[in-house]
Number of protein chains: 2
Amino acid sequence: MRSANPTKLKEPIAEVGGLLAVGLDPAAAEPLQRQLYNQLRDAVLSGRLPARFRLPPTRVLAADLGVSRNTVLAAIEQLTAEGYIEGRVGAGTYVATLSGDVPAAAPPAATVTPARHRMSRRAAAVAAIDRPTTRPRKPFGIGIPDLDGFPFEVWSRLMAKHWRHPQPDLMTARDPAGYLPLRRAIAAYLNAFRATRTTPDQVIVTAGAQAGLDLAVRVMLEPGEPVWIEDPGYAGFRAVLAAADATAVPVPVDAEGLSVEAGKRLAPEARLAFVSPSHQFPLGVTMSLGRRLELIDWAAQADAFILEDDYDSEYRYEGRPLAALQGLDGGGRVIYVGSFSKVMFPALRIGYLVVPADLVDPFLRVRAAIDDHPSIIAQPALADFIDGGQFAAHIRRSRKRYATRKGVLEAAFARHLPGMLALRPIQAGLHAVADILIPGLSDTAIVEAALARGIVLTPLSSYGITRRAQGILLGFAGVDEKAIMRTVKLLAEVIAGMRR
Amino acid sequence: MRSANPTKLKEPIAEVGGLLAVGLDPAAAEPLQRQLYNQLRDAVLSGRLPARFRLPPTRVLAADLGVSRNTVLAAIEQLTAEGYIEGRVGAGTYVATLSGDVPAAAPPAATVTPARHRMSRRAAAVAAIDRPTTRPRKPFGIGIPDLDGFPFEVWSRLMAKHWRHPQPDLMTARDPAGYLPLRRAIAAYLNAFRATRTTPDQVIVTAGAQAGLDLAVRVMLEPGEPVWIEDPGYAGFRAVLAAADATAVPVPVDAEGLSVEAGKRLAPEARLAFVSPSHQFPLGVTMSLGRRLELIDWAAQADAFILEDDYDSEYRYEGRPLAALQGLDGGGRVIYVGSFSKVMFPALRIGYLVVPADLVDPFLRVRAAIDDHPSIIAQPALADFIDGGQFAAHIRRSRKRYATRKGVLEAAFARHLPGMLALRPIQAGLHAVADILIPGLSDTAIVEAALARGIVLTPLSSYGITRRAQGILLGFAGVDEKAIMRTVKLLAEVIAGMRR
């Protein structure tokens, strides 16, 4: 650090030092040249170094600051290049007369405390939506598949195959629909396993299902238009609607799924219905065939569209998976949203839309405007993973493992929690719903007490909109058998303690 | 293929076959079981198999169709699970009475030709914007760095390091701001090389710069609010504005950058100004210090914000890079947008925003609504690449290579194109701008004639909004020296041919 040097107070350099009121720190991460540049620039901008102020010769400045002349030269050259200083090194340099109003001194970022900036109404609306947060990888956080079982060796090898010596075209790939071989693989997978009617041209690869929902809403809806959403339902979709200025109309869900009857009564003019028919989130019910046909019929009559969220339908433990709405619909009114988060791993962030053929073009144009195209980094490996059969094999293995864990969870509940919590039948997916059998005990109270013992539960009421039905959500797929047993036992202690 | 069997016409199975009017194809990619399922389902939905129609025993169906009984059982079980068929296998099965209106038969996707669907006004507005397309990896397509020089071996090794045996936390990482070590690396890089004042908390990793622009516009602007944009300027930003219902106000660019004076006159109430001060796209001019201060001053007085697009400032050939507006501004009014597309490779799709500290929270909430969080796949490797110094080394190497190519381009123009095209000084970036010296010859005519000979040029006029200034854009960074010389020579022949 440079200390004040009283013997040079009359020299210009001392005045510079005095005006700067700070020195250079050789121990700092920031290079000395950058430190000097920043401090001189701030002094000019703040007016502490006034216009036409003559700077001392660089060798004097260097000697005074205790740094090399090159350091000073570099800083002065930079300031000259940027117009803060005029003149030529060696022939005298002056602080420039800056056009425009010179802003107040720019203090270091840490001290910037401007007035609270306004944000847009849509940003405020999004900020106001309470999205339950899941706590990954602790029993029983929701939405987490079994990550220990994922074949990362295979995945890493496929990634390396494409990126050690990449195909030149890969590096500049910019198809807004995504990498064609991946779209082909997705279409074949969906047609075979989900009974959709999908061509590769209808598939749009997105940055996760969430980005797909955002894209669909922006292409399809005018600001303010009403949308049926499931109540209780996925809060993340309400955030999407808020971010696009659309209006959410909560429609109750019963044992057969979203009530089309209620939807027609509540908002007959809705232009879109958002449903999770395979495995309703969060209740877990499967939409009946009758309800599916009723919904498709409504869409056709109302000139509306259905946004089908098929977020975890790969995992079904009872019966066979029902065919997707997309495959049932003959009129091109279903926009299908899928994700690899649950069948690969969540941080991958690759999802996809299947859109009616005549909507592909507007979707792709808006997509290009929003985020150009999906990252190519993982797409070729993912296409290989699907085409090579590892994807289907991983799903089969996972389904068996999850079925086992489901059984362990049911057994542990039966043993430890009778009279306290009762599991609803688990037909599909990665999470279970439990009803609270103790009168007067709320789901949020249980969640809070459990959290104090390290157990992560999610209150069903947090997904309710007009009604806050009570219940507890438990993600079981990513939790090994011993942890399930141990944690359910601990949970029973927690709840027993609350009953007393 | 099953052919019609007239001897069994009276049997129920023949009736089914007749109603279906199609058979099973063992050679098709679709499994036989799925083919049968689809055909029976379509027959039920279309009413060709009426309610209460009794299906023949499965062994009869199997024999008639020439498939195994298991195939038939699987299809029937699926149809039963989904509610199309009632009864129990072995005890007689019937077509169910479906509730809801049964839709018309769902024809195969290829034959679906519904009426043209409506799309939202914003989708239509986006679709109406003419975005010049670049043709990657051909001389002289723009926006393409030198991809042969990228150290893919190093990159692949870093990727494998993180993904062969991934840290458990990586797989479920869901920080909406992005991977913290990458944000730290970006902040350090920007502070050292771009003279910004950035803390890691202010950095938001996005799916490319385009997604960052979209996010900024949605957080900051109400529908309809005016935004200053550069004229000529980046068409992709106009698409972003259209997708967010905002209003673009074209402001002329002169030799010092965007004219703040003109902006104030054209739209004093603008809430945002979009500028590329380091290297204006497409003209290549650098915004002067005076103009920078004037712009910052306007933002402070008008309660407006500046969106600073720093898309290729790493490559400067004359003088030193000017400090970013973000570092000049003391009032927290600059939102900085950066990209790795030009310094890594375009298909990576990783960009970032640096937002004022008090806007971080609303940005992250809207970000979470739009696309949750960025993919984790490439972020750890990119953080290592920057921290390990390979990033800076790659930039240094590339800058030298591009400076050489710039020199070759200038020499080739001087030799082959005098009196036809004249390059403007190339201070920075990956592309050059050439003026047309032949009166009456338009840039689009030259571009078209060149394309017929395999040369990719971009007309400057395609970026103009209110005025269509003439000129030719040439990307030179990704073209090797020999190709530059050869292509310029060929271009001279093309243009000489047009003069005659």
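Residues numbered from 1 in each chain as written. Chains lettered and ligands numbered in written order. Predicted model: local features only at pLDDT ≥ 70, side-chain atom pairs only at ≥ 80, totals over all residues. Heavy atoms only, no water.

Aligned on chain A, chain B shows an RMSD of 0.2 Å; the corresponding rotation is 180 degrees and the shift along the axis is 0.1 Å. Those values place the two copies in the arrangement expected of a two-fold rotation axis. Closest approach to the rotation axis among the C-alpha atoms of chain B is made by B:Ala160, whose C-alpha sits 3.4 Å away. Taken as a fraction of all interface residues of chain B, those also at the interface in chain A reach 98%, which identifies the copy contact as same-surface. (Least-squares fit on C-alpha atoms with pLDDT ≥ 70 in both. Contact = heavy atoms within 4.5 Å.)

Residues and elements named next belong to chain A. Of all nine residues in helix α15 (residues 379–387), seven are buried; the element is thus mostly enclosed. Every buried residue belonging to α15 is among Gln 379, Pro 380, Ala 381, Leu 382, Ala 383, Phe 385 and Ile 386, and all of these are buried. For α15, the elements touching its buried residues are α6 (152–163), α7 (168–171), α8 (180–193), β4 (203–206) and α16 (390–416). A positive phi of about 90 degrees marks Gly 389, the residue just after α15. (Buried < 20%, exposed > 50% of the residue type's maximum accessible area, 1.4 Å probe, protein only. Helix = DSSP H or I, 4+ residues; strand = E, 2+ residues; numbered from the N terminus.)

Here we take up the pairing of strand β4 (residues 203–206) of chain B. Residue and element names in this part refer to chain B. Here β4 shows a buried face lined by Val 203 and Val 205 and a second buried face lined by Ile 204 and Thr 206. Two elements, β4 and strand β11 (residues 351–354), share four bridges in a ladder whose sense is antiparallel. From the neighbouring strand, Ile 204 faces β11, where its bridge partner is Leu 353. (Pairing = 2+ DSSP bridges.)

A few words now on the environment of B:Ile484. Residue and element names in this part refer to chain B. Structurally, the position occupied by Ile 484 is in helix α18 (residues 481–499). For the pair Ile 484 and Val 408, spaced 76 residues apart in sequence, the C-alpha separation works out to 7.2 Å. Ile 484 has contacts with Phe 140, Arg 405, Val 408, Leu 409, Phe 476 and Val 479, leaving out every residue within four places of it along the chain.

Before going further, it helps to examine the packing of aromatic side chains. Counted by the stated rule, this structure contains 44 aromatic pairs over all chains. Grouped by ring-pair contacts, the aromatic residues A:Phe150, A:Phe152, A:Trp155, A:Tyr189, A:Phe193, A:Tyr336, A:Phe340, A:Phe345, A:Tyr352, A:Phe385, A:Phe391 and B:Trp163 constitute a single cluster. The aromatic ring of A:Phe305 is capped on one face by A:Arg333, whose charged end is 5.0 Å from the ring centroid. (Phe/Tyr/Trp six-rings, centres within 6.5 Å; stacked < 30°, edge-to-face > 60°. Lys NZ or Arg CZ within 6 Å of the ring centre and 35° of its normal.)

Following the sequence through the fold, B:Glu222 ends up in the loop between α9 (208–220) and β5 (226–231). One polar contact links the side chain of B:Glu222 to the main-chain amide nitrogen of A:Arg121, over a distance of 2.8 Å. (Polar contact = N/O pair within 3.5 Å; in protein donor to acceptor, adjacent residues only side chain to side chain.)

Here we take up the sheet that holds strand β1 (residues 54–55) of chain A. Residues and elements named next belong to chain A. An order of β1-β3-β2 is seen for the three strands of this open sheet, with the pairing classed as antiparallel. Edge positions in the open sheet fall to β1 and β2 (85–87), since each of these has one partner strand only. Taken together, the three bridges between β2 and strand β3 (residues 93–95) define a ladder with antiparallel strand orientation. Following the sheet pairing, Glu 86 is matched in β3 by Tyr 94.

This part covers empty space enclosed by the protein. Over the atoms a probe the size of a water molecule is rolled, and this reveals where empty space is left. Tallied over the entire structure, the rule returns nine cavities of 30 Å³ or more. In this model, the largest cavity occupies a volume close to 260 Å³. A:Arg349, A:Ser375, B:Ala207, B:Arg349 and B:Ser375 are the residues nearest the centre of the largest cavity, which is lined by 27 residues in total. At the level of elements, β4 and α14 (360–371) of chain A together with β4 and α14 (360–371) of chain B are the ones that each hand at least two residues to the lining of the largest cavity. Here the lining of the largest cavity is composed, by residue class, of 14 nonpolar, seven polar and six charged. Here the second largest cavity defines a volume of roughly 160 Å³. A:Ala211, A:Ile370, A:Asp371, B:Ile370 and B:Asp371 are, among the 15 residues lining the second largest cavity, the residues nearest its centre. Residue assignment for the lining of the second largest cavity shows that the elements contributing at least two residues are α9 (208–220) and α14 of chain A together with α9 and α14 of chain B. (1 Å grid on protein atoms, 1.4 Å probe; cavity = no way out; pocket = protein on both sides within 12 Å on 5 of 7 lines; lining within 4 Å. Points joined across faces, edges and corners; volume = space filled by probe spheres on them. Nonpolar A, V, L, I, M, F, W, Y, C, P; charged D, E, K, R; others polar.)

Of the residues lining the interface, 121 residues belong to chain B; the matching set on chain A comes to 119 residues. Where chain B meets chain A, there are six salt bridges. Across the pair A:Arg218 and B:Asp214 runs a salt bridge, and its minimum N-O distance is 3.0 Å. Counting across the chain B and chain A interface gives 34 residue pairs in polar contact (both at pLDDT 80 or more). The class makeup of the residues in the side of chain B that touches chain A is 68 nonpolar, 21 polar and 32 charged. (Salt bridge = Lys/Arg side-chain N within 4 Å of Asp/Glu carboxyl O.)

The next thing to look at is unusual backbone geometry. Residues and elements named next belong to chain A. Cis peptide bonds are those with omega within 30 degrees of zero, and the linkage from Asp 231 to Pro 232 qualifies with 0 degrees. Topologically, Pro 232 is positioned in the loop between β5 (226–231) and α10 (235–243). Positioned with a positive phi, Asp 303 is a non-glycine residue whose angle comes to about 55 degrees. When you line up the elements, Asp 303 lands in the loop between α12 (289–302) and β9 (305–309). Phi at Asp 372 is positive, roughly 70 degrees, even though this residue is not glycine.

A separate point is the nonpolar core. Counting 151 residues, the largest nonpolar core has A:Trp155, A:Phe340, A:Phe345, B:Trp155, B:Phe340 and B:Phe345 as its most contacted members. With residues up to four places along the chain from it excluded, the contact list for A:Phe340 reads A:Ile186, A:Phe345, A:Leu348, A:Ile350, A:Tyr352, A:Leu382, A:Ile386 and A:Phe391. (Core = buried A, V, L, I, M, F, W, Y, C linked by side-chain atoms within 4.5 Å.)

Let us look at the confidence of the model for chain A. All names here are of chain A. Summing up the model confidence of chain A, the mean pLDDT is 85 and the portion of residues at 70 or higher is 88%. Per-residue pLDDT stays below 50 along residues 1–22; that stretch engages in 31 contacts with residues further than four places along the chain or on separate chains. Low confidence marks residues 100–115, where pLDDT is under 50. Its contacts with residues over four positions away, or in another chain, come to 24 contacts. On the interface metric, ipTM, the complex scores 0.80, and its pTM is 0.81. (pLDDT = per-residue confidence, 0-100.)

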